[in-house]
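A closer look at the structure
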Amino acid sequence: MLVVSVSVAGLVTLAAMTQPSLAPEAKHSLLQYVTGKYLQPGNCTTHFEWTDPHVVGGTMTFIVRFYQRNGQPYPICDTDSLTVEVTEGLRRVATLVDLGGQEPTAYNRAVCKFTVRQAGSYRLSVMVGSSHVLGSPFNKTFLPGPPDPLKTAFVRHSSTVICTAEVPHVLAIEPRDEFNNLCHFLADDDPVAGYTVSISQTENPDVVVKTTFDYDSVSLRVRLTVIFSKEGCFHAKVAFNGVTLHNGDFDCIVLSSSDAAMVHKNVRNHNICYEARLLSLHGEKLAKPRKVLVYVSPKQLTIKEFLLKFIPKRIVTFRLCPSTKFQFLSDNRYSSLPAFVIDDGSQPKVELMAKDRNVIAATFTHFLLKNIGGSETFKDKQAFFYHEVRRFHHKHYHEKLAMRVNRDKLLESSLKATKGFSVSDWCRNFEITFQGEQGVDWGGLRREWFQLVCAALFDPKNQLFKGFSDNQQALVHPNAKRPPTLKLKHYEFAGRVVGKCLYESALGGGYRQLVRARFTRSFLAQLIGLRVHYKYFEQDDPDLYLSKVKYILDHDVEDMELYFVEEDYDHLGQLTKLVELIPGGAATRVHNTSKHQYLDALAQYRLATSLKEEIECFLRGLNDLIPDNLLSIFDENELELLLCGTGEYSVADFRTHHILNGSSPEFRRVLDWFWTAVSNFTVEEMARLLQFTTGSSQLPPGGFKELSPRFQLTPAPTFGNLPTAHTCFNQLCLPDYESYEQFEKALLLAISEGTEGFGMI
């Protein structure tokens, strides 16, 4: 059991033990006993500065006053065995304790503070030695706060909503407070007060839109009902108290009843095509629109044209996945036909106009939602992913398969042991035996094998995967300059191991396996089919980003004599070749108007083209177990969460391995507040803090001690501002504040606004 105790000095300590240790009772002299001049816990009083029940979200304060047996105030000090514990179920809450005060009458008091963010019943225990003070333990109840628009969200969200004209369409909203507690409302409350919806129209300005909000007390959800009088394309924003909901910004495609019937027919009869006009291609506007056909199937959207009216030619294909977006245009310079843009994040945008634009987009959306489980939230997509993986392998039995490996030559012996494995074998439950060791695998050896083999594959020390720098914090990607002993077959094996981890996780329970690796964002993007660009350098190769990319972005390049080429060096620093980033790049100079094109071409070469074979082999192994269409329902941040989780973080490890750059009394006070706040962090908040300060939610394999440079805590020369971070130095800068409450609010706001893409798994 984990016990969180607060010493009288106000420092939070963590200790793992089977039961709380009890301090020995103080021995009193005969005179003290007779006169009653010693601390009597039963005489101590506790005053709570809030009424019960109270709403979560604040820093709660209670004051304990200490008295002697004779009723006189007792001067509490560091040597007294005072323990304050705040618990909610099995969870311990870090507490700050300050003794005494500035007033002369405060010498016998302890001011105790703790933060409540999770609604529920709490138990407060105040003990001197092994004795409770009067009334201890205390039971306090904390209720959810009011709805927060940044946490309140649509259930089973879709960025495009399909409606039918004159038919009511209902959307469900789940009200949650700023700490993600599900909101409850009293009888006198109006649950729908504060909600508003604004709908803008790209065409048909005479369309009438009716919207109503009501509350379902059974599901505890707010329902938004919308009715459109006519078909068209609209954009909706749903807000609470003037702030747009977390996912309250979406498109609405309203179909006529006949078009709605056509879309449902399309979903049953695949590969339907519609006539359209192509307005732009490869980023260039066409002088004259070209007649094309748009084919929509459950897997892709393809644009074709016919040469000589009967020879089909494919122009471009877009995958049906969340990264493929539709943008609906309100005006069209060519005709009155509705126009739209298709962009998948990897290919140049395509602009089209078509009479059946809304039917095309609605058919695409229906197929997309079917492909991702009906919702675009990470939690829903993850549940759908696991379900589809199990269904994909339903014919493969998860029965035991004995596998013998050599611990000293783990990678090679594992490769040899799995050399002849079929997909069915990879889906079986590995029963691991290490050569020369006795032990029966009841699951522990299998988990150990996964951990060790991931380290052998993805630890940069082993050179199969490597970062752009040599420190342990660097994110890793395939190493094109690996030793000759590491072949392409190793990447195929690595892909199968990752696929095996995902398959085991889909089975759930004790089978779940996380991939212990810190992959670059560009590598993750390529696993889901996205095209890389220069912005990936900021996290993947921060040294290059600061020394070259940012400099080019911020300065005039006309005098730099810069061309569309890249110099390639060997491990000794010798120039091996000059690579043209575009055809004729050696003779094409970079200008201010083309520097973004140059940086994108540089990213494409360094992050993708130079690693093409390695990534293809990795994907071949991964897709043996996990179909690529299932991976593509996630973005790169979500894919990291799916593979690696949010990580495991130890506050004790954090406190042991960090650097302080300040020692003033003011900064020491802020540090006490920092460690109290961090001790109360959820796993997600810890991941956000790491992402905010280091650029990644994942720690190196060795934890905080392997961060390079170490995590630094530095005083900021400001007062009351938000904390700031320098990810290049792993440095968190903490300003001074008036109170712990002000500090904690600023820290949470900084890490929440400074990161994105996190969610609990």
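What counts, and where the lines are drawn
Residues numbered from 1 in each chain as written. Predicted model: local features only at pLDDT ≥ 70, side-chain atom pairs only at ≥ 80, totals over all residues. Heavy atoms only, no water. Helix = DSSP H or I, 4+ residues; strand = E, 2+ residues; numbered from the N terminus. Buried < 20%, exposed > 50% of the residue type's maximum accessible area, 1.4 Å probe, protein only. Contact = heavy atoms within 4.5 Å. Areas by Shrake-Rupley, 256 points an atom, 1.4 Å probe, with all protein chains shown as cover. Pairing = 2+ DSSP bridges. Salt bridge = Lys/Arg side-chain N within 4 Å of Asp/Glu carboxyl O. Polar contact = N/O pair within 3.5 Å; in protein donor to acceptor, adjacent residues only side chain to side chain. Axes fitted to C-alpha atoms, helices over the stretch in contact; angles between N-to-C directions. Parallel < 35°, antiparallel > 145°, perpendicular 65-115°, else oblique. Left-handed = near helix turned anticlockwise from the far one by under 90°. Nonpolar A, V, L, I, M, F, W, Y, C, P; charged D, E, K, R; others polar. Core = buried A, V, L, I, M, F, W, Y, C linked by side-chain atoms within 4.5 Å.

1. Some thoughts on the overall build of the protein chain
- Along its length, the protein chain carries 19 helices and 37 strands.
- Here the protein chain holds 761 residues, and the buried ones make up 49% of them.
- A separation of at least 24 residues holds for 64% of the contacts in the protein chain among residues at least 6 apart in sequence.
- Split by element, the accessible area of the protein chain, about 36,600 Å² in all, is 52% carbon and sulfur.

2. Quick word on the sheet that holds strand β18 (residues 221–228)
- Strand order across the open sheet formed by 4 strands is β13-β15-β18-β17, with antiparallel pairing between neighbours. Sheet topology places β13 (153–154) and β17 (209–216) at the edges, where each strand pairs with a single neighbour.
- Relative to strand β15 (residues 169–174), β13 runs antiparallel, the two sharing 2 bridges. Across the sheet, residue F154 finds its bridge partner in β15, namely I173.

3. Quick look at the pattern of salt bridges
- Considering all chains together, one arrives at 32 salt bridges under this definition.
- For E492, the salt bridge identified is with R496, shortest N-O distance 2.8 Å. Residue E492 and its partner R496 are located together in helix α8 (residues 488–507), separated by 4 residues, close to a single helical turn.
- A relative accessible area of 18% places E492 in the buried class.
- Taken together, the salt bridges that share partners define one network made up of E492, R496, R620 and D624.

4. What about the environment of L524?
- Within the fold, L524 resides in helix α9 (residues 521–527).
- Classification of L524 by relative accessible area gives buried; the value is 0%.
- Residues L524 and L546, 22 residues apart in the sequence, show an inter-C-alpha distance of 22 Å.
- Contacts of L524, omitting those with residues within four sequence positions, involve F519, E636, L639, E640 and L643.

5. Considerations on the side chain of H157
- The topology assignment puts H157 in the loop between β13 and β14 (160–164).
- Taking relative accessible area as the criterion, H157 reaches 12% and is therefore assigned buried.
- Of note is the side chain of H157, whose polar atom sits 3.4 Å from the backbone oxygen of N247.
- Sequence-distant contacts of H157, defined by excluding residues within four places in its chain, comprise N247, S375, E376 and T377.

6. A closer look at the packing of helix α2 (residues 257–268) against helix α3 (residues 357–372)
- Orientation of α2 relative to α3, taken along the N-to-C sense of each, is 45°, at an axis distance of 9 Å. In terms of axis orientation, α2 runs oblique to α3. Where α2 crosses over α3, the handedness of that crossing is right-handed. Residues D259, M262, V263, H264, N266 and V267 of α2 form the contact with α3, whose own contacting residues are V359, A362, T363, H366 and F367.
- The class makeup of the residues in the contact of α2 with α3 is 6 nonpolar, 4 polar and 1 charged.

7. Some words on helix α5 (residues 410–417)
- Buried residues of α5: L410, L411, S413, S414 and L415, and no others.
- Packed against the buried residues of α5 are β28 (400–405), β29 (429–434), α7 (444–458) and α8.

8. A closer look at the sheet that holds strand β16 (residues 195–201)
- Pairing in this open sheet of 4 strands is mixed, and the strands run β14-β20-β19-β16 from one edge to the other. The strands lining the two open edges of the sheet, one partner per strand, are β14 and β16. With direction set aside, neighbouring strand axes in the sheet form an average angle of 30°.
- The sheet contact formed by strand β19 (residues 232–240) and strand β20 (residues 243–255) spans 8 bridges and is antiparallel. Bridge assignment links A236 to a residue of β20, and that residue is F250.

9. As for the nonpolar core
- Ranked by size, the top nonpolar core spans 122 residues in total, and within it L301, I303, F385, F458, F465, F519 and F618 carry the most contacts.
- When neighbours within four sequence positions are excluded, F385 is seen to be in contact with L502, I626, L630, L631, I633, F634 and L642.
- Ranked by size, the runner-up nonpolar core spans 33 residues in total, among them V670, L671, L699 and F704.

None of this, on its own, says anything about what the molecule does.
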